[in-house]
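Remarks on the overall topology
Spelled out from the first residue to the last, the chains are:
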Amino acid sequence: MLKVLVCVSGGGTNLQAVMDAVDAGEIKNTEIIGVISNNKNAFALERARKKGIDALCISPKDFPDRETFNQALLETVKEKNPDLIVLAGFLVAIPPAMIEAFPNRIINIHPSLIPSFCGVGYYGLHVHEAVLARGVKVTGATVHFVDSGMDTGPILLQKAVEVKQDDTPKTLQQRVMEEAEWKILPKAIDLIAQGKVTITEGKVNIQ
Ligand code: GRF
C-alpha cells in the first residue's frame, strides 16, 4: 500500500481529484494518510476532513522564522512516514532538508508544459496570464519530481490543452485543471503505486 501525504495551500481541487480517484479505484494500492496546509483557511483542509483524512495546518505565521517553520514542517512530515509526498497547489518552497530526506519521493503538479512558464513567480493565475500574454496556442500541465530547483525535477507526465481565442486567465486555468491537472496527477500517483516508474540519469521511465 502506497502511503501518500498531500500538501496544499488553496482550494484543493487537485486533492479532490486524487481522493475521488482513490475512492473510484482509479488509483490502486494507495492510501492518503494525511493532508498538510500552510494556510489555515485553505478549503482543501475542509475537503480532507469531509473524507475523514487527517488534515492539519502548519503556518509560517506561527513560527519566529522560516528555519523553525521548515524544521516543524519536516518533523511533521517525517512523523507521518509517507512513501510519497504530493504537492497539490502547495505554495511553499520545499526545504532542502525535506528533499534530501525524501529523494525522488516528492511530486508536484504545475499548470504549464514545463520548461515553459515555470520557475520563480509562475504559480496559480500568473502562469495563465503569462501564457495569454505570450500568445502560445497550446499549454497544459506537468507532474514532475521535486528536486532542489524550482519546477526543475524529472518530468513524469504532461498533458496538452488548447488555448482558445477568447480565453481569460480564469477560463484557461479552469480548462487546464479540468482537462489536464485533475487527470495526470491521479494517473501519476497510480503509476508510482504500481511500481511502474523509475528515474535514470534525470529522466523518468514508465513501464
Ligand atoms: C492550480 O492552478 C494548480 O495548478 C496549482 O494551484 C492551483 C490551485 O490548485 N498548483 P488546487 O485547486 O488548490 O488544487
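Just so you know, these numbers come straight off a predicted model, no measurement behind them.

Notes on the sheet that holds strand S7 (residues 155-162)
Strands in a sheet are paired, the pairing made by backbone hydrogen bonds, and the direction either parallel or antiparallel. A sheet is described by the order of its strands in space; here seven strands give the open sequence S3-S2-S1-S4-S5-S6-S7, paired in mixed fashion. This sheet does not close on itself; its edge strands, each paired only once, are strand S3 (55-57) and S7. In this sheet, neighbouring strand axes are inclined to one another by 20° on average, regardless of whether the strands run parallel or antiparallel. Strands strand S1 (2-8), strand S2 (30-37) and S3 of the sheet are contacted by helix H2 (residues 43-50), whose axis makes an angle of about 155° with S3.

Here's the deal with unusual backbone geometry
Here Ile 114 and Pro 115 are connected by a cis peptide whose omega angle stands at 15°. Structurally, the position occupied by Pro 115 is in the loop between strand S5 (106-110) and helix H5 (125-134). Phi is positive for Asn 29, close to 55°, though the residue is something other than glycine. Secondary-structure assignment places Asn 29 in the loop between helix H1 (13-23) and S2. You can call Asn 29 partly exposed: its relative accessible area is 41%.

Thoughts on the packing of H1 against H2
The interhelical angle for the contact between H1 and H2, taken along N-to-C directions, is 20°, at an axis separation of 9 Å. The orientation of H1 relative to H2 falls into the category roughly parallel. For the element pair H1 and H2, the recorded crossing hand is right-handed. Two secondary-structure elements touch here, H1 through Thr 13, Leu 15, Gln 16 and Met 19 and H2 through Ala 44, Arg 47 and Ala 48. Of the residues contributing to the contact of H1 with H2, the split by class is four nonpolar, two polar and one charged.

Overview of the site of the ligand
With respect to spatial proximity, the complete set of residues near the ligand consists of Gly 10, Gly 11, Gly 12, Thr 13, Asn 14, Gly 89, Ile 109, Pro 111, Gln 173, Met 177 and Glu 181. The contact in question runs from an oxygen atom of the ligand to an N or O atom on the backbone of Gly 12, over 2.8 Å. Considering the ligand on its own, with 360 Å² of exposed area, one finds that the protein chains cover 88% of that surface. Spatially, the ligand is embedded in the largest pocket. The set of elements that each furnish at least two residues to the shell around the ligand consists of H1 and helix H6 (169-193). No other element matches H6, which puts three residues into the shell around the ligand. Considered class by class, the residues forming the shell around the ligand number three nonpolar, seven polar and one charged.

Quick look at H1
Listing the buried residues of H1 in full gives Asn 14, Leu 15, Gln 16, Ala 17, Val 18, Met 19 and Ala 21. Looking at the buried positions of H1, the neighbouring elements they touch are S1, S2, H2, S5 and H6. Immediately downstream of H1, the backbone of Gly 25 shows phi near 80°, a positive value.

With respect to the side chain of Ser 37
Mapped onto the elements, Ser 37 comes out in strand S2. In contact with Ser 37, not counting residues within four places along its chain, are Val 8, Ser 9, Ala 42, Leu 45, Leu 56, Cys 57 and Ile 58.

Notes on the packing of aromatic side chains
Within the structure shown, the criterion is met by two aromatic pairs. Taken together, a centroid distance of 6.4 Å and an interplanar angle of 70° make the contact between Phe 117 and Tyr 122 edge-to-face. A residue is classified by how much of its surface remains accessible, and Tyr 122, at 31% relative accessible area, is partly exposed.

A look at the packing of H5 against H6
At a minimum axis distance of 9 Å, the contact between H5 and H6 shows a crossing angle of 110°. By the criterion of interaxial angle, the relationship of H5 to H6 is roughly perpendicular. In the crossing of H5 with H6, the sense of the turn from one axis to the other is right-handed. Here Leu 125, His 128, Glu 129, Val 131 and Leu 132 of H5 come into contact with H6, specifically with Pro 169, Lys 170, Leu 172, Gln 173 and Val 176. A per-class count over the contact of H5 with H6 returns six nonpolar, two polar and two charged.

Reading the values: the criteria
- Residues numbered from 1 in each chain as written.
- Predicted model: local features only at pLDDT ≥ 70, side-chain atom pairs only at ≥ 80, totals over all residues.
- Heavy atoms only, no water.
- Pairing = 2+ DSSP bridges.
- Helix = DSSP H or I, 4+ residues; strand = E, 2+ residues; numbered from the N terminus.
- Axes fitted to C-alpha atoms, helices over the stretch in contact; angles between N-to-C directions.
- Contact = heavy atoms within 4.5 Å.
- Buried < 20%, exposed > 50% of the residue type's maximum accessible area, 1.4 Å probe, protein only.
- Parallel < 35°, antiparallel > 145°, perpendicular 65-115°, else oblique.
- Left-handed = near helix turned anticlockwise from the far one by under 90°.
- Nonpolar A, V, L, I, M, F, W, Y, C, P; charged D, E, K, R; others polar.
- Near = heavy atom within 4 Å.
- Polar contact = N/O pair within 3.5 Å; in protein donor to acceptor, adjacent residues only side chain to side chain.
- Areas by Shrake-Rupley, 256 points an atom, 1.4 Å probe, with all protein chains shown as cover.
- 1 Å grid on protein atoms, 1.4 Å probe; cavity = no way out; pocket = protein on both sides within 12 Å on 5 of 7 lines; lining within 4 Å.
- Sits in = over half its atoms within 2 Å of the grid points.
- Phe/Tyr/Trp six-rings, centres within 6.5 Å; stacked < 30°, edge-to-face > 60°.

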